[in-house]
Amino acid sequence: MDTVKYLLTEDRMPTSWYNIAADLPTPAPPVLHPGTKQPIGPADLAPLFPMALILQEVSTERAIAIPEEVQAIYRQWRPTPLYRARRLERALDTPAKIYYKYEGVSPAGSHKPNTAVAQAYYNKQEGVKRIVTETGAGQWGSSLAFAGALFGLEIKVYMVRVSYEQKPYRRALMEAYGATVTASPSEETASGRAILAEHPDSTGSLGIAISEAVEVAAQNDDTKYALGSVLNHVLLHQTVIGQEALAQLEMAGDYPDVVVGCTGGGSNFAGIAFPFIGAKLRGERDVRAVAVEPAACPSLTKGRYAYDFGDTAHLTPLVKMHTLGSTFVPSGFHAGGLRYHGMAPLVSHLVQLGLIEPTAYQQLDTFAAGLQFARTEGIMPAPEANHAIAGAIHEALRCKEEGVSRTILFNLCGHGHFDMQAYTDYLAGKLRDFEYSDAEVAMALAGLPSVG
Ligand SMILES: *Cc1c(COP(=O)(O)O)cnc(C)c1O
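Residues numbered from 1 in each chain as written. Predicted model: local features only at pLDDT ≥ 70, side-chain atom pairs only at ≥ 80, totals over all residues. Heavy atoms only, no water.

Participant: Got a minute to help me understand the overall build of the protein chain in this structure?
Facilitator: Looking only at helices and strands, the protein chain features 19 helices and 15 strands. A compact globule built from 452 residues would reach a C-alpha radius of gyration of about 22 Å, and the protein chain, at 20 Å, matches this within 12%. Dimensions of the protein chain, computed from C-alpha atoms along their principal axes, come out at roughly 60 × 50 × 45 Å. The buried share among the 452 residues of the protein chain stands at 63%. Taking all contacts inside the protein chain whose residues are at least 6 apart in sequence as the whole, residues at least 24 apart take part in 77%. Per element, the accessible surface of the protein chain, about 16400 Å² overall, is 51% carbon and sulfur. Distance between charge centroids for the protein chain: 4 Å, based on 37 positive and 47 negative side chains. (Helix = DSSP H or I, 4+ residues; strand = E, 2+ residues; numbered from the N terminus. Rg over C-alpha atoms; globule rule 2.2 N^0.38 Å. Buried < 20%, exposed > 50% of the residue type's maximum accessible area, 1.4 Å probe, protein only. Contact = heavy atoms within 4.5 Å. Areas by Shrake-Rupley, 256 points an atom, 1.4 Å probe, with all protein chains shown as cover. Lys, Arg positive; Asp, Glu negative; His and termini not counted. Charge placed at Lys NZ, Arg CZ, Asp CG, Glu CD.)

Spelled out as structure tokens, the structure:
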């Protein structure tokens, strides 16, 4: 049997986002003001985000309607296909059934337009002229650039310098959509200048780029900030993925025993897993949810669950999350989208509640998994997605060992067409693994802010 595709008609696209806050047994800890250490209110975030997104951030309503204009744009590539990976199953000689949801069919090539379009829409509604953001590998920057072009918004992107240099085509894509891209750290902001004064050769980090973007947004009335992951409203927007997968698995007469996703800031994982975890929380169906992160940036598996800043210059509020410390600068491994020091507070909270199992894989193992996938299923995965593939293969091989069949669902969150240099380097034997030692973790965590 060959790979099977499950397609939903457009009228089956979800018309609301699923908000897991409605089903949590205990709420996630509040976001704190960095000065007073007291919970912040919507007004504190107003300089950075449009009010509609702030209200989504704190909402406990289960279903939040997707505006008609956003649905209309989603329909260009949604519902996305769900595939049964029969050829991969055969190659693994596993009794497991492996399904993958493919988000690489969006114009920008990943799941990120699901939130970029929504965020651009709400900013436009509230009269914002310009959105400033950061990007690591360039997936988020190109998604927001795409959304900005549709809504006539100016988009300014601080791109982590190492990616700016390594990934010229992602930068070209952002510029093609009309965005302005600056390598971070830059001389344009006080945050960037402070870093460069100390480290003139800094290759940057997401934490630094976030500081630059937040600084610019806070100082300009017509400008807001946007984040492509981590925040509750971003995870919310991604739940179209899991809701569609539920309906598609129903077509296949199936339900996952385990859902697997890679975690950078947690949004694509939450997008596919939260609707299933919600069903478990409501006592409807059991499921295991496995979050796969890089061993070189192991926030869930080696970080501490603590209040920390989202950025390096400490301009953001304090959020409770699994963190490696806001000054953490990861090694130059290739899954650029997974190089963030923190994690979505909702994902962290669910890990604490025992509802998500975190695991970490080394870079070389993830590339081997990605190539096995490409050679059986034909799609070139983004290096980030290779982590989910490695996790899914691990689960499938466990089924083989145990002689049981389980249903595995994973999120193929993006294609790797702009990441071919990483594959070239892997095939040339130039990539290596990075182990993050406990001593280094301890050092990075020493600077955590104290919260009573
Ligand atoms: C940005 C990105 C990620 C990491 O972000 P999450 O919020 O954890 O999803 C993973 N995969 C791809 C393809 C990305 O673009």
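Having put the structure on the table, let's press on.
Participant: Explain the packing of helix α9 (residues 190-198) against helix α10 (residues 206-219) here, please?
Facilitator: Each pair of packed helices can be summarised by the angle the axes make with each other and by the distance between the axes. Closest axis-to-axis distance for the α9/α10 pair is 7 Å, and the angle between their directions is 145°. Residues A190, S191, G192 and I195 of α9 pack against I208, S211, E212 and E215 of α10. A per-class count over the contact of α9 with α10 returns three nonpolar, three polar and two charged. (Axes fitted to C-alpha atoms, helices over the stretch in contact; angles between N-to-C directions. Nonpolar A, V, L, I, M, F, W, Y, C, P; charged D, E, K, R; others polar.)

Participant: I'm lost on the environment of E402 in this one. Help?
Facilitator: Mapped onto the elements, E402 comes out in helix α17 (residues 385-402). For the pair E402 and P95, spaced 307 residues apart in sequence, the C-alpha separation works out to 9.7 Å.

Participant: Just to check I follow, could you spell out the site of the ligand for this structure?
Facilitator: Taken together, 16 residues lie near the ligand, and K112, S229, G264, S267 and N268 sit nearest. With respect to the ligand, the side chain of H111 contributes an N or O atom lying 3.1 Å from an oxygen atom. Between the ligand and G266, the relevant distance is 2.8 Å, taken from an oxygen atom to a main-chain nitrogen or oxygen of the residue. When the free accessible area of the ligand is taken as 380 Å², the share hidden by the protein chains comes to 97%. With respect to the pocket detection grid, the ligand is positioned in the largest cavity. Here the shell around the ligand is composed, by residue class, of three nonpolar, eleven polar and two charged. (Near = heavy atom within 4 Å. Polar contact = N/O pair within 3.5 Å; in protein donor to acceptor, adjacent residues only side chain to side chain. 1 Å grid on protein atoms, 1.4 Å probe; cavity = no way out; pocket = protein on both sides within 12 Å on 5 of 7 lines; lining within 4 Å. Sits in = over half its atoms within 2 Å of the grid points.)

Participant: Sorry if this is basic, but what is going on with unusual backbone geometry here?
Facilitator: Excluding glycine, a negative phi dihedral is what most residues carry, and trans is how most peptide bonds are arranged. The omega torsion across R78 and P79 is -10°, close enough to zero to call that bond cis. The residue P79 is located in the loop between α3 (68-74) and β4 (82-84) in this model. A cis amide bond links S184 to the next residue, P185, at an omega of 5°. A positive phi is found at K37, a non-glycine position, where the angle reads about 60°. Relative to the elements of secondary structure, K37 occurs in the loop between β2 (16-18) and α1 (42-45). Using a relative accessible area of 29% as the deciding quantity, one classes K37 as partly exposed. Here the phi dihedral of V230 falls at roughly 70°; this positive angle occurs in a residue that is not glycine. Within the secondary structure layout, V230 lies in the loop between β9 (223-225) and α11 (232-238). Look at V230 and you get buried, because its relative accessible area is 8%.

Participant: So what exactly am I meant to see when it comes to the nonpolar core here?
Facilitator: Note on soluble globular proteins: their nonpolar side chains tend to be buried together. The biggest cluster of nonpolar side chains holds 66 residues, and the ones touching the most others in it are W17, Y74, F274 and V347. The element best represented in this core is helix α13 (residues 267-281), accounting for eight residues. If you look at the next biggest cluster of nonpolar residues, it comprises 32 residues, including Y100, C262, F410 and C413. (Core = buried A, V, L, I, M, F, W, Y, C linked by side-chain atoms within 4.5 Å.)

Participant: Can you help me understand empty space enclosed by the protein in this one?
Facilitator: In this approach, a probe sized like a water molecule rolls over the atoms, and the result shows the empty space that is left. As enumerated under the stated definition, the model contains six cavities of 30 Å³ or more in all. Estimates place the volume of the largest cavity at around 380 Å³. Residue lining of the largest cavity: 30 residues in total, with K112, G228, S229, G265 and G337 positioned closest to the centre. Those elements that place two or more of their residues in the lining of the largest cavity are β6 (130-135), α6 (139-151), α10 and α13. Per-class residue counts for the lining of the largest cavity are eleven nonpolar, 16 polar and three charged. (Points joined across faces, edges and corners; volume = space filled by probe spheres on them.)

Participant: Where do I start with helix α2 (residues 51-58) in this structure?
Facilitator: By the burial criterion, the buried members of α2 are L53, I54, Q56 and E57. One side of α2 holds all its buried residues, which, seen down the axis, span an arc of 160°. Those residues of α2 that are buried are in contact with β2, α1, β3 (63-65), α5 (113-125) and α11. (Arc of directions from axis to C-beta.)

Participant: For this particular structure, what's the right way to read the pattern of salt bridges?
Facilitator: Pairing is possible between side chains that carry opposite charge, provided their charged atoms lie close to one another. In the structure shown here, the tally under the stated rule is 19 salt bridges. For the salt bridge of E402 with R398, the shortest nitrogen-to-oxygen distance reads 3.5 Å. Highlighted residues: E402 and R398, both in helix α17, separated by four residues, approximately one helical turn. Judged by relative accessible area, which is 29%, R398 ranks as partly exposed. Each of D23, R62, R282 and E284 takes part in salt bridges that share partners, so that together they form one network. (Salt bridge = Lys/Arg side-chain N within 4 Å of Asp/Glu carboxyl O.)

Participant: For this particular structure, what's the right way to read a nonpolar patch on the surface?
Facilitator: On the surface, a cluster of nonpolar side chains totalling about 260 Å² of accessible area is made up of M51, L55 and V58. Summarising the element assignment, L55 is placed in helix α2. With a relative accessible area of 48%, L55 lands in the partly exposed category. (Patch = residues over 30% accessible without salt bridge, like charges linked within 9 Å, V, L, I, M, F, W, Y side chains within 5 Å.)

Participant: Any chance you could explain the sheet that holds strand β8 (residues 180-184) here in plain terms?
Facilitator: Note: strands within a sheet are paired through backbone hydrogen bonds, in either parallel or antiparallel orientation. Overall, parallel pairing links the four strands, which are arranged β8-β7-β6-β9 in an open sheet. Edge positions in the open sheet fall to β8 and β9, since each of these has one partner strand only. Averaged over all neighbouring strand pairs, the angle between strand axes comes to 25°, with direction disregarded. Both β6 and β9 contribute to a ladder of three bridges, which runs parallel. If you follow R130 over to β9, its bridge partner there is T223. Across the sheet, α10 lies against β6, β7 (154-160), β8 and β9, angled at about 170° from β6, the strand it touches most. (Pairing = 2+ DSSP bridges.)

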